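In case you want the letters, here they are:
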Amino acid sequence: MSAIGTQSVGRTNAFVRQIERTNAQVARSLERLSTGKRINRASDDPSGFIVAEGLRGDLVELRAESRTSQTERSNLHQNQSKLAAIQSIATDIRGKLVSASDGLITDSQRQAIQQEIDASLDAIDRVASGSDRVGNSGSLGELRTGGSANVVDGDIEFAATLVESKTSSLNRTRAAIAAYERTQLDTFDRIRENQIVITTEALSQIEDADFAQESANFVQGQILSRAAAEALTFSTNELREQLESLLDGIEIKS
């Protein structure tokens, strides 16, 4: 093959390689535009991929901690509701003690009040069931029928003292729960949310695609690919013409 033919073949191969490179660029830019990610696989940026995976792991842990915190907060709110209900029952019992201390009521009326107190203490136990933070009616046990503080034949003043002590205990427990939620859960939740925002932004900076840049790369790649294809077509035609001319110049001997 002549030197000119060799040059034409070289140009053709160069155009083919250029088309392959530009097509790869177009495909890469199209993928990034479709996924919104600069890093779609480890080979796109090995070091960046490792850092991104670490940040994703951090986000998984932070969000798991948030779910745990939400569960704990929900449990605290349930306990607060139970405490409020028990406190309401205790207040009602205190009113019954006032009624029972009235010297004008009959024995049957006092007996009826005692039955209501027994029912109220049973209600406290039902509300407190299954809760670690909510006390049952144990401290008010002497108010029950047959107890030393029952309203039929027991010490009503002692009964009032027990109810007052129970109410104070409920108030302290509710205050402690509220303080814990405010000083512990709220504080750590705010810190955690800030960490999630910072980590998410860091991950975005590492792996998210630059849409403006990738759009420009995509358009540029298409232009280069078309130009290389046209040049390849021209080079191929030129090479074919040279080959035909070369063949025409060969004398065929019989």
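None of these values were measured; they are calculated from a predicted model. (Residues numbered from 1 in each chain as written. Predicted model: local features only at pLDDT ≥ 70, side-chain atom pairs only at ≥ 80, totals over all residues. Heavy atoms only, no water.)

Novice: How do you make sense of the overall build of the chain when you look at a structure like this?
Specialist: In terms of regular secondary structure, the chain is built from five helices and zero strands. Mapped from its N terminus to its C terminus, the chain presents α and β elements in the order α-α-α-α-α. Looking at the chain as a whole, 31% of its 254 residues are labelled buried. For the chain, contacts bridging at least 24 residues in sequence account for 74% of all contacts bridging at least 6. In the structure as shown, the chain presents an accessible area of about 15,400 Å², 54% of it carried by carbon and sulfur atoms. (Helix = DSSP H or I, 4+ residues; strand = E, 2+ residues; numbered from the N terminus. Buried < 20%, exposed > 50% of the residue type's maximum accessible area, 1.4 Å probe, protein only. Contact = heavy atoms within 4.5 Å. Areas by Shrake-Rupley, 256 points an atom, 1.4 Å probe, with all protein chains shown as cover.)

Novice: What's the story with the environment of G138 in this structure? I'm lost.
Specialist: With respect to the helices, strands and loops of the structure, G138 is situated in the loop between helix 3 (107-128) and helix 4 (156-207). A C-alpha to C-alpha distance of 9.9 Å links G138 and K166, two positions 28 residues apart in sequence.

Novice: Would you mind showing me how to read the nonpolar core here?
Specialist: The nonpolar side chains of soluble globular proteins are, as a tendency, buried together. If you look at the biggest cluster of nonpolar residues, it comprises 25 residues, and the most contacted ones within it are I93, L97, I117, L121, I124, L143 and V151. Put simply, the parts of the chain that give this core at least two residues each are helix 2 (46-100), helix 3 and helix 4. When sequence neighbours within four positions are dropped, the list of residues in contact with I117 reads I93, K96, L97, L143 and V151. Judged by nonpolar contacts, the second largest core, of six residues, contains A52, L55, L59 and I196. (Core = buried A, V, L, I, M, F, W, Y, C linked by side-chain atoms within 4.5 Å.)

Novice: In this structure, what is going on with the side chain of S66? I would like to understand it.
Specialist: Relative to the assigned elements, S66 resides in helix 2. Those residues in contact with S66, other than ones at most four positions away along the chain, are R192, E193 and I196.

Novice: Sorry, what's going on with the environment of A212 here?
Specialist: Tracing the sequence through the fold places A212 in helix 5 (residues 211-248). Residues A212 and L33 lie 179 residues apart in sequence; the distance between their C-alpha atoms is 9.5 Å.

Novice: Where do I start with the side chain of K96 in this structure?
Specialist: Of note, K96 is situated in helix 2. For K96, the residues in contact, after removing those within four places along its chain, are I113, E116, I117 and S120.

Novice: Just checking my understanding: could you explain the packing of helix 2 against helix 3 for this structure?
Specialist: Pairs of packed helices are described in terms of their axes, by the angle between the two and the distance that separates them. At their nearest, the axes of helix 2 and helix 3 sit 10 Å apart, and the two run at 170 degrees to each other. It follows from the interaxial angle that helix 2 and helix 3 lie roughly antiparallel. Of the residues in helix 3, those touching helix 2 at K82, A85, I86, I89, D92, I93, K96, L97, S99 and A100 are R110, I113, E116, I117, S120, L121, A123, I124, V127 and A128. Classifying every residue of the contact of helix 2 with helix 3 by side-chain character gives 13 nonpolar, two polar and five charged. (Axes fitted to C-alpha atoms, helices over the stretch in contact; angles between N-to-C directions. Parallel < 35°, antiparallel > 145°, perpendicular 65-115°, else oblique. Nonpolar A, V, L, I, M, F, W, Y, C, P; charged D, E, K, R; others polar.)

Novice: Honestly, the environment of Q205 in this entry has me stumped. Any pointers?
Specialist: With respect to the helices and strands, Q205 occurs in helix 4. Given a relative accessible area of 68%, Q205 falls into the exposed group. The spatial distance from the C-alpha of Q205 to the C-alpha of R38 is 9.6 Å, given a sequence separation of 167 residues.

Novice: I tried to follow the pattern of salt bridges on my own but got confused; where do I start?
Specialist: Two side chains with opposite charge may pair up if their charged atoms get near one another. This model, assessed by the stated rule, comprises 16 salt bridges. Note that D125 and R144 form a salt bridge whose closest N and O atoms lie 3.3 Å from each other. Residue D125 is located in helix 3, and its partner R144 is located in the loop between helix 3 and helix 4; the two are separated by 19 residues in the primary sequence. Assessed through its relative accessible area of 29%, D125 is described here as partly exposed. Several salt bridges converge on common partners, so that one network encompasses E65, R73, E181, D186, D189 and R192. (Salt bridge = Lys/Arg side-chain N within 4 Å of Asp/Glu carboxyl O.)

Novice: What's the story with the packing of helix 2 against helix 4 in this structure? I'm lost.
Specialist: Contact geometry for helix 2 and helix 4: axes closest at 8 Å, N-to-C directions at 165 degrees. Considering their axes alone, helix 2 and helix 4 lie roughly antiparallel with respect to each other. Here the hand of the crossing between helix 2 and helix 4 comes out left-handed. Of the residues in the contact of helix 2 with helix 4, the class split is 26 nonpolar, 13 polar and 16 charged. (Left-handed = near helix turned anticlockwise from the far one by under 90°.)

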